[in-house]
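What the coordinates show
Residues per chain are reported as follows:
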Amino acid sequence: MKLILVDDEKGILVGLKKMIDRYIPECEVVGTAYNGREGFELIQKWQPDIVITDIRMPQAGGLEMIQMLKEVDIQSKFILLSGYADFEYARKGMQLGVNFYINKPVEEQELRDCVCQVMDTIRIERSKHQEMEALKMASYHRMQEDGLRDILDMGSDYTEIVEELQRIRCKPEKDAQFACILIEIRSEADDLKVLGFDPVFRQIDLVFRHYGSVYRFRYTGAQIAVIVMHDAAMESKDMVKTAQRLHEVLLRQLNVSSVIGIGSVQNRPGGISQSFEEARNALSYQAIKGAEPIISFTQIMNLTGKSELVTEEMIADLEAAIDNLDERESVDMIHRIFRKIEADSDFSPADLQLQCLNILLLSIRKVSFQQLQQNRLLSRQLLSLEGISRFKTLASLEQWMVEVIGGIIGFMLEQRTPKKKDMISEIKEYVTDHYDEPISLAELSARFYMNPYYLSQYFKQKTGETYLNFLTRIRISKAKELLEQTDLKVYEICHKVGYSDAQHFARMFEKWTGFKPRDYRKSLAKQ
């Protein structure tokens, strides 16, 4: 630890320095001064851990020097050195926060005991400070992760993205560009079992360090979301190369296999959710294709833009049939689609395979990759190109599609029984019962066996509001009840209704009610 000596007697300074060098090797004397004015300048320069100072000195005494240093927020610990048994000096020193004294003439053991006691005090304070900083940082990261997850889950309808980014201290530069990737971890290395995802996060930070700001967090299950914000132009091809490098590093360094979906580069904050949806779609495509570990949404668009024979209306009808778990109607839709394809004589085998791939992508987007893996038949048929590439005729492809769609419906029937309740009603009921928990779209989608993006769109289609708005409405309503019926403090109510950040809770409460939480409670007393 750094130490400075201040005394107007040269002999005392020399003697103290010798004793410290000899008996207290943990301390280094980095400077000496002969009065309070010199000491004031020297201590500001060195910011020592400990200062041993005489009380009475010319120009400025020790207490006067300490007073000046406190005013400029110097955090050094002070030991007062004096040959005067004067209570007033001790009393004033205590008022300045000085708790350590050594009487002249200085004894070696007394000096060592006092300095060691000060060092122990410093270590304890630093340890507590580090613990507090760690708690603050953990709380900040939790708040930031929750905010980013909300932005990703809300989709392109979310109109407050810039405001939300500012709240979680992710304010981008004016001309920043944005891109999202979604990483699916396909293997469980021993390091990950013990340390969790931290080793993967460290590799992401290293590989993406040339970009301005990179935010990564566990999205759901074995998936990691990465949001890149850069204050210069980004190229999709460069993002693909970076993702490829990450895939190789994870495999080489951690023995972790991964598949990475990449969204397009966006030039506005509102495009973050769109890029993430694209990354999710790209990952879904890769789950079926089962070939290269890296695929971008741009590549998908280039591959799937060849034909528009299968209309969105036909796909919507197929989706509706699957959603209703109506196998007969689903099979009829497959036959209708193939009759449409059959009418185009210019279709090649490759075109047929690609068209089937597109149909599957659209028809199973409500089912997550993890859920497909649970069913051996479906995973064997869907998670490999062999399922499509081995069929060269329209009839064989049609029969295979009928089998796969039937398998999807059978799987969904197994997972969703009993089906007496409407799915949206079940989701609402679950959210209402668990509003005090950190409910995310990813968690909901896994619980109800639906793809996150599909669940978000389906919920809004059926209810007229996003799931996050519904959750917020429930939470604010419960918060109002607690403000009205209890004496709980605002921060306690904040945690009871599922918020981890009191400021965010207060902001949302005011947005929905027009009152800050404390003002709302005061308004009740006036009624």
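Residues numbered from 1 in each chain as written. Predicted model: local features only at pLDDT ≥ 70, side-chain atom pairs only at ≥ 80, totals over all residues. Heavy atoms only, no water.

1. Details of the overall build of the protein
Tallying secondary structure elements over the protein gives 25 helices and 10 strands in all. Counting across all 527 residues of the protein, residues that qualify as buried make up 50%. The contacts of the protein with a sequence gap of at least 6 include a subset with a gap of at least 24, amounting to 68%. With the model as given, the accessible surface of the protein reaches about 26600 Å², and the carbon-plus-sulfur share is 48%. (Helix = DSSP H or I, 4+ residues; strand = E, 2+ residues; numbered from the N terminus. Buried < 20%, exposed > 50% of the residue type's maximum accessible area, 1.4 Å probe, protein only. Contact = heavy atoms within 4.5 Å. Areas by Shrake-Rupley, 256 points an atom, 1.4 Å probe, with all protein chains shown as cover.)

2. With respect to the packing of aromatic side chains
In total, this model carries eight aromatic pairs according to the counting rule given. Both rings, one in F197 and one in F201, keep their centres 6.4 Å apart while their planes meet at 35°; by these two values the pair is tilted. Each of the two residues, F197 as well as F201, counts as buried. (Phe/Tyr/Trp six-rings, centres within 6.5 Å; stacked < 30°, edge-to-face > 60°.)

3. Observations concerning the UniProt feature "modified residue: 4-aspartylphosphate" (unreviewed entry) in the protein
In the numbering adopted here, UniProt assigns the feature "modified residue: 4-aspartylphosphate" (unreviewed entry) to D54. Other than its neighbours up to four places away in sequence, D54 contacts V6, D7, D8, G62, L81, S82 and K104. (UniProt positions renumbered as here; feature names shortened; annotations may be inferred.)

4. Things to note about the side chain of E465
Positionally, E465 belongs in the loop between helix 21 (452-463) and helix 22 (467-485). Leave out the neighbours within four places in its chain, and E465 touches F459, K460, F470 and R473.

5. Remarks on the nonpolar core
Counting 55 residues, the largest nonpolar core has I227, I272, I427, L444 and F505 as the members making the most contacts within it. In terms of residues, this core owes the most to one element, helix 22, which gives eight residues. When residues are assigned to domains, this core turns out to be shared by domain 2 (155-302) and domain 4 (423-525), each giving three or more. Beyond its immediate chain neighbours, meaning those up to four positions away, I227 contacts L148, L152, A179, C180, S213, V214, Y215, F217 and I272. Counting 26 residues, the second-largest nonpolar core is a separate cluster that includes F197, M234, M239 and I262. (Core = buried A, V, L, I, M, F, W, Y, C linked by side-chain atoms within 4.5 Å. Domains from an automatic or database assignment.)

6. A closer look at the sheet that holds strand 3 (residues 50-54)
Spatial ordering of the open sheet is given by 2-1-3-4-5, a layout of five strands whose pairing is parallel. Unpaired on one side and paired on the other, strand 2 (28-33) and strand 5 (100-103) mark the two borders of the sheet. Mean inter-strand twist for the sheet, computed between neighbouring axes without regard to direction, equals 20°. Summarising the sheet, strand 1 (residues 2-6) and strand 2 pair through five bridges and their orientation is parallel. Among the inter-strand pairings, I4 is bridged to a residue of strand 2, identified as G31. (Pairing = 2+ DSSP bridges. Axes fitted to C-alpha atoms, helices over the stretch in contact; angles between N-to-C directions.)

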